[in-house]
Amino acid sequence: MGMRILLGLLLAAGLSLAAGPARAHPHVWITATSELLYAADGTITGVRHAWTFDDMFSAYAVQGLESKTKGAYTREELTPLAQTNVESLKEYAYFTFAKADGKKERFQEPVDYFLDYKDTVLTLHFTLPLKNPVKPRQLVLEVFDRSFFIDFQMAKDNPVKLVGAPAGCQMKLERPNDGTASAQKLNEQTFLNGENSNFGMMFANKIMVDCP
Amino acid sequence: MKSQLSGFALGLLTCAAVLLVVSVADAALHDLLAQNPFGAPRAQQAAEPEASGLIGWLLAKQSEFYRQMSATIRAAKSDGSAVWTLLFISFAYGIFHAAGPGHGKAVIASYLVANRETARRGIALSFASALMQSLVAILIVGISAWILNATAKTMCKAEGAIEIASYALIALFGLRLVWVKGGAFIRALQVAQPVPAMAGVPHDHDHGHDADDHHGHDHDHHHGHSHARHEHGHGHVHDEHCGHSHGPAPSELAGPGGWRRGFAAILAVGIRPCSGAILVLVFALAQGLFWAGIAATLLMGLGTAITVASIAVVAVSAKDIAQRLSARRDGGGALVMRGIEFGAAGLVLLFGVGLLFGYIAAERTTCF
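Scoring rules and cut-offs
Residues numbered from 1 in each chain as written. Chains lettered and ligands numbered in written order. Predicted model: local features only at pLDDT ≥ 70, side-chain atom pairs only at ≥ 80, totals over all residues. Heavy atoms only, no water. Helix = DSSP H or I, 4+ residues; strand = E, 2+ residues; numbered from the N terminus. Buried < 20%, exposed > 50% of the residue type's maximum accessible area, 1.4 Å probe, protein only. Contact = heavy atoms within 4.5 Å. Areas by Shrake-Rupley, 256 points an atom, 1.4 Å probe, with all protein chains shown as cover. pLDDT = per-residue confidence, 0-100. Phe/Tyr/Trp six-rings, centres within 6.5 Å; stacked < 30°, edge-to-face > 60°. Lys NZ or Arg CZ within 6 Å of the ring centre and 35° of its normal. Patch = residues over 30% accessible without salt bridge, like charges linked within 9 Å, V, L, I, M, F, W, Y side chains within 5 Å. Salt bridge = Lys/Arg side-chain N within 4 Å of Asp/Glu carboxyl O. Axes fitted to C-alpha atoms, helices over the stretch in contact; angles between N-to-C directions. Parallel < 35°, antiparallel > 145°, perpendicular 65-115°, else oblique. Nonpolar A, V, L, I, M, F, W, Y, C, P; charged D, E, K, R; others polar. Pairing = 2+ DSSP bridges. Core = buried A, V, L, I, M, F, W, Y, C linked by side-chain atoms within 4.5 Å. Expected span 1.5 Å × (residues − 1). Polar contact = N/O pair within 3.5 Å; in protein donor to acceptor, adjacent residues only side chain to side chain.

**A look at the overall build of chain B**
Here comes step 1: Within chain B, the regular secondary structure consists of 13 helices and zero strands.
Here comes step 2: Secondary structure elements in chain B, listed N-terminal to C-terminal, are α-α-α-α-α-α-α-α-α-α-α-α-α.
Here comes step 3: By residue count, 55% of the 368 residues in chain B fall in the buried class.
Here comes step 4: If you take every contact in chain B between residues at least 6 apart in sequence, the share linking residues at least 24 apart comes to 80%.
Here comes step 5: A total accessible area of about 14800 Å² is found for chain B, and carbon and sulfur atoms account for 70% of it.

The following block contains the structure:
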């Protein structure tokens, strides 16, 4: 009997070990704007992101890069970095998760990507084409880092644009921590329940588009 | 025989309980630290949808301090007094930051329990490893970014390599502890079974030679004499460090045996710099204020050390309580303590292996 309790305790210890590290906190902040791209027939073909990094990370990212003018970087000078960025983002599924009428959709590798450097911050532009363009009633697009190393915030002004969407499509944005999203109930109960495997989800930006 | 068996079971249970305490201590402590200053009742907090929970508050604080850093470094360019703000922010960030993963709190705590270290040595180890962590960050950025003007990509690769080395070190370190402590545990088991509690002879004969620690070779002569360890019979704790018994004098901490003993732990934990420090340093360098970045990094380390040291003290106290409790048990005492040490050693190994193979997601290195 004692052994069973012992095993239970060990299991608990193991679980708490596994759970602890999920309490990550961000080191990188991204202010994002996203565009949903529609084809003429109203199917969604992809997403175009513009992610602006915080100035600390921007300084880190341009460290050691050659530039003609000190403290300024042209799009060409930043090309190798943009390349590295999009290649690395693959591992994290571009922090972009789409569901068309509840079904997960996948993205192809990014196209049309580049970086620009303005006012000491970097902005990464890239387009994620959907593997299979879809025409759902509802599209849900979430942008977040599961491990919460990166804190994504949608821009204050015009965070989401629907480009070429059929008339009558309605967009709704749920930001993390603004009290509107039910998914973002962040309290210690969540952690005690051990449901923190998707810790970063609580900081997700949820874009919902309903089309007639 | 029956009572002995139940004693054994109790021993194992105590052992598991202490393991649990050690492993959750850090999490709990940070929750405490993060206690809502307004003492709002839990139910109310749970009802609020915003990030008002303890963890949310903790995260918000960390982010707040961290984000203020870049602005403060910028300000320090023209206004010298901003440096003081920077130092304060860095210190506060360090305290909160130790809540993050990958900072070896658990490794240090487990090591302390496994090696029967004192709280004072625990504090010293925490500070030493945090200092090393800061120095590694400063060296990485100083050499690669400042001297070699390497790119972020190169720096990141270096960081990644160091990270793997660090995890491997922790695993190796744990393996060695498991080997040594496992032997001691098995010997204690062998002794505990046939000899029915020589409780009449309160004699702590556990010569704790700890030969590996003092002289650098790898066997732990616990001799398994284990004549019912009984701390109360002695004015001084005989099993701490063979011979020098009256708790560690400061000279002992810094002495050849003292530091060498903990050096493996310091190295394993401290060799991995934290991403936050690297970012701050590179940013400061870009602003032409590398020295401010160095100062901030050192203060961050100090803050981290304070948090880790508190956890170390909790771990050591928990073990001491267990020791006192188990000492009352006839015969079981030595076994319980060897069991706890063995378990703690196992935890270090688990951590190392877990980090190495990515089962435990540590703070990610910024590579993109």
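Next, the rest of the story.
**Considerations on the confidence of the model for chain B**
Residue and element names in this part refer to chain B.
Here comes step 1: In this model, chain B carries a mean pLDDT of 69, and residues with pLDDT of at least 70 account for 60%.
Here comes step 2: A low-confidence stretch, residues 22-52 stays under pLDDT 50, and its non-local contacts, those more than four residues away or across chains, total 58 contacts.
Here comes step 3: Low confidence marks residues 195-257, where pLDDT is under 50. Its contacts with residues over four positions away, or in another chain, come to 117 contacts.
Here comes step 4: Of the two predicted TM-score estimates for the complex, the pTM is 0.69 and the ipTM is 0.74.

**Quick notes on the packing of aromatic side chains**
All names here are of chain A.
Here comes step 1: On inspection of all chains with the given rule, the structure shows 15 aromatic pairs over all chains.
Here comes step 2: Seen in terms of ring centroids, tyrosine 92 and phenylalanine 95 are 5.3 Å apart; in terms of plane orientation they differ by 5°. Their pairing is stacked.
Here comes step 3: On the basis of relative accessible area, phenylalanine 95 is assigned to the buried category, the value being 2%.
Here comes step 4: Aromatic ring contacts, followed pair by pair, group Trp51, Tyr92, Tyr94, Phe95, Phe126 and Phe152 into a single cluster.
Here comes step 5: Its end group placed over the ring of phenylalanine 114, arginine 75 keeps NZ or CZ at 3.6 Å from the ring centre.

**Thoughts on a nonpolar patch on the surface**
Residue and element names in this part refer to chain B.
Here comes step 1: On the surface, Leu139, Ile143, Trp146, Ile147 and Leu148 cluster together into a nonpolar patch covering about 590 Å² of accessible area.
Here comes step 2: With respect to the helices and strands, the residue isoleucine 143 is situated in helix α6 (residues 119-147).
Here comes step 3: Given the relative accessible area of 45%, isoleucine 143 is considered partly exposed.

**Quick notes on the packing of helix α2 (residues 55-62) of chain A against helix α11 (residues 275-286) of chain B**
Here comes step 1: Closest axis-to-axis distance for the α2 of chain A/α11 of chain B pair is 8 Å, and the angle between their directions is 75°. When the interaxial angle is binned, α2 of chain A and α11 of chain B end up roughly perpendicular. Between α2 of chain A and α11 of chain B, the residues in contact are Asp55, Met56, Phe57, Ala59 and Tyr60 of chain A and Ile278, Leu279, Val280, Val282, Phe283 and Ala286 of chain B, respectively.
Here comes step 2: Here the contact of α2 of chain A with α11 of chain B is composed, by residue class, of 10 nonpolar, no polar and one charged.

**Comments concerning the pairing of strand β1 (residues 28-38) of chain A**
Residue and element names in this part refer to chain A.
Here comes step 1: In terms of burial, β1 is largely enclosed, as eight of its 11 residues are buried.
Here comes step 2: With five bridges joining them, β1 and strand β8 (residues 150-154) adopt parallel strand pairing. Directly across from alanine 32, in β8, lies its bridge partner methionine 154.
Here comes step 3: Bridge count between β1 and strand β2 (residues 44-53): nine bridges; the pairing is antiparallel. Bridge pairing links glutamate 35 to arginine 48 in β2.
Here comes step 4: Counting the residues between successive antiparallel strands, the hairpin from β1 to β2 contains five residues, one of them, glycine 42, with a positive phi of roughly 90°.
Here comes step 5: As paired elements, β1 and strand β9 (residues 160-163) share four bridges and run parallel to each other. Directly across from leucine 37, in β9, lies its bridge partner valine 163.

**Observations regarding the sheet that holds strand β3 (residues 96-100) of chain A**
All names here are of chain A.
Here comes step 1: Taken together, the five strands give an open sheet; going across it, the order is β4-β3-β7-β11-β10, and neighbouring strands pair in antiparallel fashion. Here the strands that pair on one side only, and so sit at the sheet edges, are β4 (103-105) and β10 (170-174). With direction set aside, neighbouring strand axes in the sheet form an average angle of 20°.

**Remarks on the pattern of salt bridges**
Here comes step 1: The tally for this structure, following the rule as stated, stands at seven salt bridges over all chains.
Here comes step 2: Residue glutamate 105 of chain A is joined to lysine 103 of chain A by a salt bridge in which the shortest nitrogen-to-oxygen separation is 3.3 Å.
Here comes step 3: One salt bridge in this structure joins glutamate 163 of chain B and arginine 272 of chain B, with 2.8 Å as the shortest N-O distance. Taken together, the positions of glutamate 163 of chain B in helix α7 (residues 152-192) and arginine 272 of chain B in the loop between α10 (256-270) and α11 put the pair 109 residues apart, joining distant regions of the chain.

**Points about the environment of leucine 128 of chain A**
All names here are of chain A.
Here comes step 1: Mapped onto the elements of the fold, leucine 128 is located in strand β6 (residues 121-134).
Here comes step 2: Exposure remark for leucine 128: the relative accessible area of 0% places this residue in the buried category.
Here comes step 3: Separated by 83 residues in sequence, leucine 128 and threonine 45 have C-alpha atoms that sit 8.7 Å apart.
Here comes step 4: Ignoring anything within four residues of it in the chain, the contact list for leucine 128 reads Thr45, Gly46, Val47, His49, Tyr94, Thr96, Phe107, Gln108 and Pro110.

**Section: the nonpolar core**
Here comes step 1: Judged by nonpolar contacts, the single largest core of 120 residues is most densely connected at Trp51, Tyr60 and Leu122 of chain A together with Met69 of chain B.
Here comes step 2: Considering each element in turn, this core owes the most residues, 10 residues, to helix α12 (residues 290-327) of chain B.

**Remarks on helix α4 (residues 82-97) of chain B**
Residues and elements named next belong to chain B.
Here comes step 1: Between its terminal C-alpha atoms α4 stretches 22 Å, which fits the 22 Å expected from 16 residues at 1.5 Å a residue.
Here comes step 2: Most of α4 sits inside the fold, with 12 of its 16 residues counted as buried.
Here comes step 3: For α4, the set of buried residues is Ala82, Val83, Leu86, Leu87, Ile89, Ser90, Ala92, Tyr93, Gly94, Ile95, Phe96 and His97.

**Thoughts on the side chain of serine 58 of chain A**
Residues and elements named next belong to chain A.
Here comes step 1: Position of serine 58 relative to the elements: it lies in helix α2.
Here comes step 2: By relative accessible area, which is 0% here, serine 58 ends up buried.
Here comes step 3: Side-chain polar atoms of serine 58 contact the backbone oxygen of aspartate 54, separated by 2.8 Å.
Here comes step 4: Among residues more than four places away in sequence, those in contact with serine 58 are Phe53, Thr120, Val121 and Leu122.

**Some thoughts on unusual backbone geometry**
Here comes step 1: One non-glycine residue with positive phi stands out, namely phenylalanine 95 of chain A, at about 55°.
Here comes step 2: Locating phenylalanine 95 of chain A in the fold gives a position in the loop between α3 (79-89) and β3.
Here comes step 3: The phi dihedral of asparagine 149 of chain B falls on the positive side, at around 50°, and the residue is not glycine.
Here comes step 4: As for its placement among the helices and strands, asparagine 149 of chain B is situated in the loop between α6 and α7.

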